[in-house]
Amino acid sequence: QVQLVESGGGLVQAGGSLRLSCATSGRTLSNYAMAWFRQAPGKEREFVAGIRWSGGYTNYGDSVKGRFTISRDNAKSTVYLQMNSLKPEDTAVYYCAVHRLATPLGSNWYQVHNYDYWGQGAQVTVSS
């Protein structure tokens, strides 16, 4: 049974920072790419950032480029999302997910159905 548990969400003022963590267990996930998605009320789930199994390649959604950084520690089975310069429009539930491939290419990153496992989500609220 694979489990992903997000933590680190909360309430922050615009311009502030938060770091999300996603701890995984139940399976060796170091051979798979991982990603963060987010979903705001009334909106579709949106790709935020992804990282290949080796950590040597990362991919970001246009709305977070230059502000968010994804990283992973395979020894700790944990993926992180450092979020800086937060804006009210970043308010959403953030989910981590395990891709079915180690090295996704192109649009393969952005499609929800390409991810086999999901966490329960962490609420991030940015006040103006």
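Scoring rules and cut-offs
- Residues numbered from 1 in each chain as written.
- Predicted model: local features only at pLDDT ≥ 70, side-chain atom pairs only at ≥ 80, totals over all residues.
- Heavy atoms only, no water.
- Helix = DSSP H or I, 4+ residues; strand = E, 2+ residues; numbered from the N terminus.
- Contact = heavy atoms within 4.5 Å.
- Pairing = 2+ DSSP bridges.
- Axes fitted to C-alpha atoms, helices over the stretch in contact; angles between N-to-C directions.
- Salt bridge = Lys/Arg side-chain N within 4 Å of Asp/Glu carboxyl O.
- Buried < 20%, exposed > 50% of the residue type's maximum accessible area, 1.4 Å probe, protein only.

Engineer: I keep staring at the environment of aspartate 73 and nothing clicks. Help me out?
Structural biologist: Relative to the elements of secondary structure, aspartate 73 occurs in strand E7 (residues 68-73). Linking aspartate 73 and tryptophan 53, residues 20 residues apart in sequence, is a C-alpha distance of 9.9 Å. Those residues in contact with aspartate 73, other than ones at most four positions away along the chain, are Thr78 and Tyr80.

Engineer: What's the story with the sheet that holds strand E3 (residues 18-25) in this structure? I'm lost.
Structural biologist: Strands in a sheet are paired, the pairing made by backbone hydrogen bonds, and the direction either parallel or antiparallel. In space, the four strands of this open sheet follow the order E1-E3-E8-E7, with antiparallel pairing throughout. At either end of the open sheet lies a strand with only one pairing partner, and these are strand E1 (3-7) and E7. Mean inter-strand twist for the sheet, computed between neighbouring axes without regard to direction, equals 15 degrees.

Engineer: Just checking my understanding: could you explain the pattern of salt bridges for this structure?
Structural biologist: A side chain with one charge can pair with a side chain of the opposite charge if their charged atoms come near. As enumerated under the stated definition, the model contains five salt bridges in all. Across the pair arginine 38 and glutamate 46 runs a salt bridge, and its minimum N-O distance is 2.9 Å. Note on arginine 38: relative accessible area 6%, which makes it buried. We classify glutamate 46 as partly exposed; its relative accessible area is 33%. In this structure, lysine 65 and aspartate 62 form a salt bridge, with 3.2 Å as the shortest nitrogen-oxygen distance. When salt bridges that share partners are traced, they join Arg38, Glu46, Arg67 and Asp90 into one network.

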